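Read off the chains here:
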Amino acid sequence: MSDEQLQAKTPEFRKRLEKGETLDDLLPEAFATAREGAKRVLGLYPFRVQIIGGIALHYGNIAEMMTGEGKTLTATLPVYLNALTGKGVHVVTVNEYLSSRDESEMGQLYKWLGLTVGLNLNSMSADEKRDAYNCDVTYSTNSELGFDYLRDNMVVYKDQMVQRPLNYAIIDEVDSILIDEARTPLIISGQAEQANSEYIRADRFVKTLTEDKSDDDADDDEDHGDYKIDWPTKTINLTNQGIKKACEHFGLKNLYDIDNQVLVHHIDQALRANYIMLKDIDYVVQNGEVMIVDSFTGRVMEGRRYSDGLHQAIEAKEGVKIQEESKTQATITYQNFFRMYKKLAGMTGTAKTEEEEFREIYNMEVITIPTNRPIARKDLPDILYPTLDSKFEAVVKEIKERHAKGQPVLVGTVAIESSERLSKMLDQAGIPHAVLNAKNHAKEAEIIMNAGQRGAVTIATNMAGRGTDIKLGPGVKELGGLAVIGTERHESRRIDNQLRGRSGRQGDPGVTRFYLSLEDDLMKRFGGDRVKLFLDRISDNDDDKVIESRMITKQVESAQKRVEGNNYDTRKQTLQYDDVMRTQREIIYGERMQVISEEKH
């Protein structure tokens, strides 16, 4: 077929839809048209496995495809098919860099096939957003879609609204958006009045306290400090001794008297801020502001603030300007927002571990799509060290050995703190390297693209450029491909798999291994005494003892399953709270719509 004949297919399909044919009837021809178009416009020809992925997406399921298997191209097939209806297809990505990149690359194909393509960015005016939403295909981030929905339901006139009814969305990195981010609802807030001095008073008092580190099982009834932390649940409480101190400090008879509720709340938040929330792990201080770090992606979350006065308590702790507390005007969870779409689909490299949640909450099946070429990557068993120091020394030693022969190394860290520590150690060892963490994700794509070149050493927090491929440089395959070293297990197995999947794309060789220590956060919270005993049995307090064993890997995975269970419960609760609100929200928003849609009489 000539280009003109192929381009004429789009209006032909649209006519057939009008005459009553369904999208399913058109699927084989429309997919073939998009596939041939991709070959002519982008020079890329979707493999058969990508067609299978496209079909899974069209039926509203999740296509689990390994990193480097071309998810972005796979999505073009169902996007083209569903955009033929003219009701709008939203392609959702985790950040604006990816939205812009995919819109400019894949947008060429849709435009060539006669569809309109829009890009929705945070910085746009309402008119620009409206134009983007009126296109057949719209690229946007998840948060922008949610906030536009909330803002649309706060407008006074119907023509101020920007979105059309929600028709079909394909979510890239679906696990990150529908699961990791589902614990935090989207909130539009206004100012509330409150006294900053309360935060400072509570903060000063809390800083004078000492921790009770005694065992709960100890027989004596005495307190050995003023507050106690329960790490597995991350809760913190005053002991009787601490309560006594508070009464003396604030001159009160009974701290828990109903008149002192506000003070007790401030003290609780100050305790959390000072002893549970850690600087450079949970948050960073930039230009005199406290910014939240997303524990799943390692990114700074712009404009997000902790609620219930916790953010103000952290500001008091860090001695920066305390900002006004806010009052919620509109809120929705990602779960309920995305469940409003007529059809929802998603793709990611890692979803199987959360299969049950996708089925229960979103009614989506996870379909594992086979890889185009067999996987040639070696995943070595975990190695466990007694202390953080001995672990990091071992990591540096392995990097040195691999770097000496020119093999590229990607090192994944869970927190910003550990990536900076490792960077210092590599400087001392004289190994050139690039660091990628929440503090500089502007250069992210560029750093990730170079991570597969000969002799490259890259340290990244676990977000490590989701959606950016690491292509191997010349001569790297012969050296064994990309080596991925994890310096700690994340509390979610998916994030570990995501890091592993950076290596061995498209059947390339590669090797991955995780280094753990008994002082890691996950081990401290859930590792249990079995592992400690196991270590003690092996040798007599020699600091360099090390275990490489499948048992450790199993132990860690069971700890991860427990944390995942806890997190699932948190999300379920967030959703149940929001479900009560949802019914109310839908009624109120429905009535609002009716009011602003009425024609003037």
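Scroll up for the structure.
Residues numbered from 1 in each chain as written. Predicted model: local features only at pLDDT ≥ 70, side-chain atom pairs only at ≥ 80, totals over all residues. Heavy atoms only, no water.

Engineer: Would you mind going over the overall build of the protein chain with me for this structure?
Structural biologist: Helix and strand content of the protein chain: 21 helices and 21 strands. Whereas a compact globule of 601 residues would reach a radius of gyration of roughly 25 Å, the protein chain reaches 27 Å, a difference of no more than 12%. A principal-axis box enclosing the C-alpha atoms of the protein chain has dimensions of 85 × 75 × 40 Å. Sequence separation of at least 24 residues holds for 73% of the intrachain contacts in the protein chain that already meet a minimum separation of 6. (Helix = DSSP H or I, 4+ residues; strand = E, 2+ residues; numbered from the N terminus. Rg over C-alpha atoms; globule rule 2.2 N^0.38 Å. Contact = heavy atoms within 4.5 Å.)

Engineer: How should I be thinking about the side chain of Glu 564 in this particular structure?
Structural biologist: Locating Glu 564 in the fold gives a position in helix H21 (residues 550-597). Here Arg 493 takes part through its backbone nitrogen, which lies 2.8 Å from a polar atom of the side chain of Glu 564. Excluding residues that lie within four positions of it along the chain, Glu 564 makes contacts with Glu 354, Glu 491, Ser 492, Arg 493, Arg 494 and Arg 571. (Polar contact = N/O pair within 3.5 Å; in protein donor to acceptor, adjacent residues only side chain to side chain.)

Engineer: It is not clear to me how the pattern of salt bridges should be interpreted in this structure. Could you clarify?
Structural biologist: When their charged atoms lie close together, side chains carrying opposite charge are able to pair. Across all of its chains, the model carries 40 salt bridges by this definition. Taking the shortest distance from any N to any O, the salt bridge between Asp 102 and Arg 101 comes out at 3.2 Å. Under the relative-accessibility criterion, Asp 102 is labelled buried at 3%. The residue Glu 144 makes a salt bridge to Lys 129 at a minimum N-O spacing of 2.8 Å. Of this pair, Glu 144 sits in helix H8 (residues 142-152) while Lys 129 is found in helix H7 (residues 126-133), placing the two residues 15 residues apart along the sequence. With respect to burial, Glu 144 and Lys 129 carry one shared label: buried. (Salt bridge = Lys/Arg side-chain N within 4 Å of Asp/Glu carboxyl O. Buried < 20%, exposed > 50% of the residue type's maximum accessible area, 1.4 Å probe, protein only.)

Engineer: Help me out: how do you make sense of the packing of aromatic side chains in this one?
Structural biologist: The relative placement of two aromatic rings is captured by the distance of their centres and the angle of their planes. Scanning all chains against the criterion turns up 11 aromatic pairs. For the ring pair Phe 13 and Tyr 80, a centre distance of 6.4 Å and an interplane angle of 65° mean the geometry is edge-to-face. Taken together, the positions of Phe 13 in helix H2 (residues 9-18) and Tyr 80 in helix H5 (residues 71-83) put the pair 67 residues apart, joining distant regions of the chain. You can call Phe 13 buried: its relative accessible area is 0%. An angle of 45° between the planes, with centres 6.3 Å apart, marks the rings of Phe 358 and Tyr 362 as tilted. Pair noted here: Phe 358 and Tyr 362 are both in helix H15 (residues 355-362), with a separation of four residues, about one helical turn. For Phe 358, a relative accessible area of 0% corresponds to the buried category. With relative accessibility at 9%, the residue Tyr 362 sits in the buried group. Through successive ring pairs, a cluster of aromatic residues spans Tyr 149, Tyr 334, Phe 337, Phe 338, Tyr 341 and Tyr 589. (Phe/Tyr/Trp six-rings, centres within 6.5 Å; stacked < 30°, edge-to-face > 60°.)

Engineer: Got a minute to help me understand the side chain of Arg 16 in this structure?
Structural biologist: Note that Arg 16 resides in helix H2. A polar atom in the side chain of Arg 16 sits 2.9 Å from the side chain of Glu 29. Apart from residues lying up to four places away in sequence, Arg 16 is in contact with Glu 21, Leu 26 and Glu 29.

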